[in-house]
Amino acid sequence: MCDTNTEATKKKVLSCIQPSGLLTLGNYLGALKSWVEMQNDFDCTYAVADLHAITVRQEPAKLRSQIYSTFAILLALGIDPEKNTVFIQSQVPEHAALAWLLSCYTQFGEMSRMTQFKDKSKKHPDNINVGLFSYPVLMAADILLYKSDLVPVGDDQKQHLEIARDIAIRFNNIYGDVFTVPEAYIPKAGARIRSLQDSSRKMSKSDDNANAWVAILDGRDDIIRKFKRAVTDSGSEIRIAEDKPGISNLITIYSAVTGKTAAEVEREFDGRGYGEFKLAVGEAVADELAPVKQRHDEIIGDKKTLERLYKAGAEKAESVARKTYFKAMKKVGFVL
Ligand code: AQP
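Residues numbered from 1 in each chain as written. Predicted model: local features only at pLDDT ≥ 70, side-chain atom pairs only at ≥ 80, totals over all residues. Heavy atoms only, no water.

## Considering the overall build of the protein chain
In step 1: Across its full length, the protein chain carries 13 helices and 5 strands.
In step 2: In summary, the protein chain has a C-alpha radius of gyration of 21 Å against a globular reference of 20 Å for 336 residues, a match within 12%.
In step 3: When the backbone C-alpha atoms are referred to their principal axes, the protein chain occupies close to 70 × 45 × 45 Å.
In step 4: A burial count over the protein chain gives 49% of its 336 residues as buried.
In step 5: Across the protein chain, the fraction of contacts at a sequence separation of at least 24, relative to all contacts at a separation of at least 6, is 73%.
In step 6: For the protein chain, the exposed surface amounts to about 16,100 Å²; the carbon and sulfur share of it is 52%.
In step 7: Here the protein chain holds 46 positive side-chain charges and 45 negative ones, and the gap between their average locations is 4 Å. (Helix = DSSP H or I, 4+ residues; strand = E, 2+ residues; numbered from the N terminus. Rg over C-alpha atoms; globule rule 2.2 N^0.38 Å. Buried < 20%, exposed > 50% of the residue type's maximum accessible area, 1.4 Å probe, protein only. Contact = heavy atoms within 4.5 Å. Areas by Shrake-Rupley, 256 points an atom, 1.4 Å probe, with all protein chains shown as cover. Lys, Arg positive; Asp, Glu negative; His and termini not counted. Charge placed at Lys NZ, Arg CZ, Asp CG, Glu CD.)

## Some thoughts on a nonpolar patch on the surface
In step 1: A cluster of nonpolar side chains, namely Phe326, Phe334 and Leu336, defines an oily patch on the protein surface of about 320 Å² accessible area.
In step 2: By the element assignment, Leu336 lies in the segment after helix H13 (303-332). (Patch = residues over 30% accessible without salt bridge, like charges linked within 9 Å, V, L, I, M, F, W, Y side chains within 5 Å. Salt bridge = Lys/Arg side-chain N within 4 Å of Asp/Glu carboxyl O.)

## Overview of a positive patch on the surface
In step 1: A cluster of basic residues, Lys12, Lys147, Lys327, Lys330 and Lys331, forms a positive patch on the protein surface.
In step 2: It is H13 that provides the largest number of residues to the positive patch, a total of 3 residues.
In step 3: The partly exposed category is assigned to Lys331, whose relative accessible area is 39%.

## What about the site of the ligand?
In step 1: For the ligand, the set of nearby residues contains 18 residues, the closest of which are Ser20, Ile193, Ser204, Lys205 and Ser206.
In step 2: At a separation of 3.1 Å, an oxygen atom of the ligand approaches a polar side-chain atom of Lys120.
In step 3: In this structure, an oxygen atom belonging to the ligand sits 2.4 Å away from a side-chain N or O atom of Ser206.
In step 4: The fraction of the free accessible surface of the ligand (640 Å²) that becomes covered by protein chains is 93%.
In step 5: Every element with two or more residues in the shell around the ligand is listed here: strand E1 (12-17) and helix H1 (25-38).
In step 6: No other element matches the 4 residues that H1 contributes to the shell around the ligand.
In step 7: Per-class residue counts for the shell around the ligand are 6 nonpolar, 7 polar and 5 charged. (Near = heavy atom within 4 Å. Polar contact = N/O pair within 3.5 Å; in protein donor to acceptor, adjacent residues only side chain to side chain. Nonpolar A, V, L, I, M, F, W, Y, C, P; charged D, E, K, R; others polar.)

## So, the pattern of salt bridges
Oppositely charged side chains can form a pair if their charged atoms are brought close together.
In step 1: Tallied over the entire structure, the rule returns 15 salt bridges.
In step 2: Note that Lys260 and Glu268 form a salt bridge whose closest N and O atoms lie 2.8 Å from each other.
In step 3: Salt bridges here are not isolated pairs; linked through shared partners, they connect Glu162, Arg165 and Glu183.

## Quick look at the domain arrangement of the protein chain
In step 1: Split into domains, the protein chain comes out as domain 1 (7-191 + 303-332) and domain 2 (210-297).
In step 2: Computed from C-alpha coordinates alone, the two centres of domain 1 and domain 2 are separated by 30 Å.
In step 3: The partner domain 2 presents 16 residues to the 14 residues of domain 1 that form the contact.
In step 4: Across the domain 1/domain 2 interface, buried area totals approximately 1,300 Å², and carbon plus sulfur atoms make up 77% of it.
In step 5: Contact with domain 2 buries surface across domain 1, with Leu25, Tyr28 and Ala76 losing the most and accounting together for 39% of the total.
In step 6: Residue Lys33 pairs with Glu288 through a salt bridge whose shortest N-O separation is 3.4 Å.
In step 7: Joining domain 1 to domain 2, the criterion identifies 6 residue pairs in polar contact (both at pLDDT 80 or more).
In step 8: For the side of domain 1 that touches domain 2, the secondary structure elements donating two or more residues are H1 and helix H3 (60-76). (Domains from an automatic or database assignment. Buried area = accessible area lost by both parts, 1.4 Å probe.)

## Concerning the pairing of strand E3 (residues 85-88)
In step 1: Both faces of E3 are covered, namely the face carrying Thr85 and Phe87 and the face carrying Val86 and Ile88.
In step 2: Here strand E2 (residues 43-48) runs beside E3; their pairing, made up of 4 bridges, is parallel. Bridged to Ala47 within E3 is Phe87. (Pairing = 2+ DSSP bridges.)

## Here's the deal with helix H10 (residues 245-258)
In step 1: With 14 residues, H10 should cover 20 Å at 1.5 Å per step; its first-to-last C-alpha distance of 20 Å lies within 8% of that length.
In step 2: Those residues of H10 that fall on the buried side of the exposure criterion are Gly246, Ile247, Ser248, Asn249, Leu250, Ile251, Ile253, Tyr254, Ser255 and Val257.
In step 3: Looking at the buried side of H10, the elements it contacts are H1, helix H9 (220-228), helix H11 (262-268) and helix H12 (274-301).
In step 4: Two residues or fewer after H10 comes Gly259, characterised by a positive phi angle close to 85°. (Expected span 1.5 Å × (residues − 1).)

## A short note on the nonpolar core
In step 1: Counting 63 residues, the largest nonpolar core has Leu25, Leu32, Phe227, Ile253, Phe277 and Val285 as the members making the most contacts within it.
In step 2: The element that contributes the greatest number of residues to this core is H12, accounting for 10 residues.
In step 3: Viewed by domain, this core spans two of them, domain 1 (7-191 + 303-332) and domain 2 (210-297), each represented by three or more residues.
In step 4: In this view, Ile253 contacts Leu25, Leu29, Ile193, Leu196, Phe227, Val281 and Val285; residues no more than four positions away in its chain are not counted. (Core = buried A, V, L, I, M, F, W, Y, C linked by side-chain atoms within 4.5 Å.)

As structure tokens, then:
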């Protein structure tokens, strides 16, 4: 990326991750690895999106531990809390407050078109709550509070970023230049990782089948066992192909972890069987994740430092968020 960037001219990036389960290899390869890289080129704000996580019912003790753990993983990966703003969303009340304001500038019709709401409603038919429906407005608040220029998005989030842009433009058209209109950013690294048990689905931390995903904090034996059990396809050749979604997924993972291209991986395993390949992928993933787990465990073990860091992160975030929120409130006509 551009090395003429100075601190003052660096573009602002906002990215969030939900503590709705144990973070997976999918979260790591698809998002977190590029978060680490982005901190060198951008002014980054990273949040543990715990408010978003309760659109699906969470067990309180588990949620709390997942929030701590997610925050600790960000630090364990090498995201620098001094250089960036790293915080827990619910500790900055302006997120929920701005979301209410923005929801009054969002049309029911445009929200009804969100495909993720339709998908998640099908997944949780007994809990189709209003928060699940208005989730993109909270996401718009997350983005707009920090005057974010860029938001890294995968395919599943493009529609939500569009809504954030539409809301910002609509608000600015009424009240003047209040919000920065964000752009989508497609990070260089960003593999889409599929479930190890059903290659038609993405690897998801909320998947009930624990063999379908690898947690960043899984131990070596568990990781290798899950890869040994991964579904593969008919035939025995190790190559990327549409009719080989299981093996293609494993090649994607192996190449993301080792830095080898898919063609190099195919050559390396030419003539060797699925069993040997699955073991190699498991070992490579275990090697990659082991230091992250070790560092995470150290951070989690030092509660005082952890607390100091997330409180400092929230203060830093709020000092920016408050300004944007008050500006919007004032424009609308509230008494401050
Ligand atoms: N399988 C994946 N492959 C690549 N990237 C992925 N991401 C998630 N799964 C994969 C990326 O991780 C970032 C954070 O995601 P999130 O936690 O905010 O929500 P999500 O996309 O809904 O992730 P999950 O694991 O599927 O969570 P649940 O099961 O709670 O819905 C995003 O950048 C996402 O693209």
